[in-house]
Amino acid sequence: MAERIDAAEIEISHLSRMIEDLSDEVARQGDQIDRLNARLQTLLDRLSKQHDGDDGAPPLEEQRPPHW
């Protein structure tokens, strides 16, 4: 009986460690997703400004292609 309890305690210990590792990985991935979303938003803002012509250039739809 004591051996079964010891085996169960060892298994619980391994499972607890695995849960902690998975939790750390999920937190790391969440941080990475947040950083990627911030970079994406920055790029979208830049593209929007370029498209709207805020940099002094006419909007893209009003610009002539370079081969004209």
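The coordinates are above.
Residues numbered from 1 in each chain as written. Predicted model: local features only at pLDDT ≥ 70, side-chain atom pairs only at ≥ 80, totals over all residues. Heavy atoms only, no water.

## A short note on the overall build of the protein
Formally: Helix and strand assignments follow DSSP, with helices taken as H or I runs no shorter than four residues and strands as E runs no shorter than two, numbered in order from the N terminus. Only protein chains enter the calculation, and the probe is 1.4 Å; a residue is then buried if its accessible area is under 20% of its type maximum, exposed if over 50%, and partly exposed in between. All accessible-area figures derive from a Shrake-Rupley calculation using a 1.4 Å probe, and residue coverage is judged against the displayed protein chains alone.
The helix and strand inventory of the protein stands at 1 helix and 0 strands. Looking at the protein as a whole, 3% of its 68 residues qualify as buried. Accessible area for the protein stands at about 6,500 Å²; split by element, carbon and sulfur atoms hold 56% of it.

## Some points on the pattern of salt bridges
Worth spelling out the cut-off: By salt bridge we mean one thing: a side-chain nitrogen of Lys or Arg within 4 Å of a carboxyl oxygen of Asp or Glu.
This model, assessed by the stated rule, comprises 2 salt bridges. The partner of Arg 17 in a salt bridge is Asp 21, and the shortest N-O contact between them spans 3.3 Å. Note that Arg 17 and Asp 21 are positioned in helix α1 (residues 2–52) at a spacing of 4 residues, about one turn of the helix. Here Arg 17 falls in the exposed class, since its relative accessible area comes to 52%. The exposure class assigned to Asp 21 is partly exposed, which follows from its relative accessible area of 38%. The closest approach of N and O atoms between Arg 28 and Glu 25, which form a salt bridge, is 2.4 Å. Here Glu 25 and Arg 28 lie together in helix α1, a separation of 3 residues that amounts to about one turn.

## Comments concerning a nonpolar patch on the surface
Convention followed: A patch is a set of surface residues, each over 30% in relative accessible area and not in a salt bridge, joined within 9 Å for like charges and within 5 Å for the nonpolar side chains Val, Leu, Ile, Met, Phe, Trp and Tyr.
Among the surface-exposed residues, Leu 15, Met 18 and Leu 22 lie close enough to one another that they form a single nonpolar patch of about 290 Å² accessible area. Assignment of secondary structure puts Leu 22 in helix α1. Under the relative-accessibility criterion, Leu 22 is labelled exposed at 51%.

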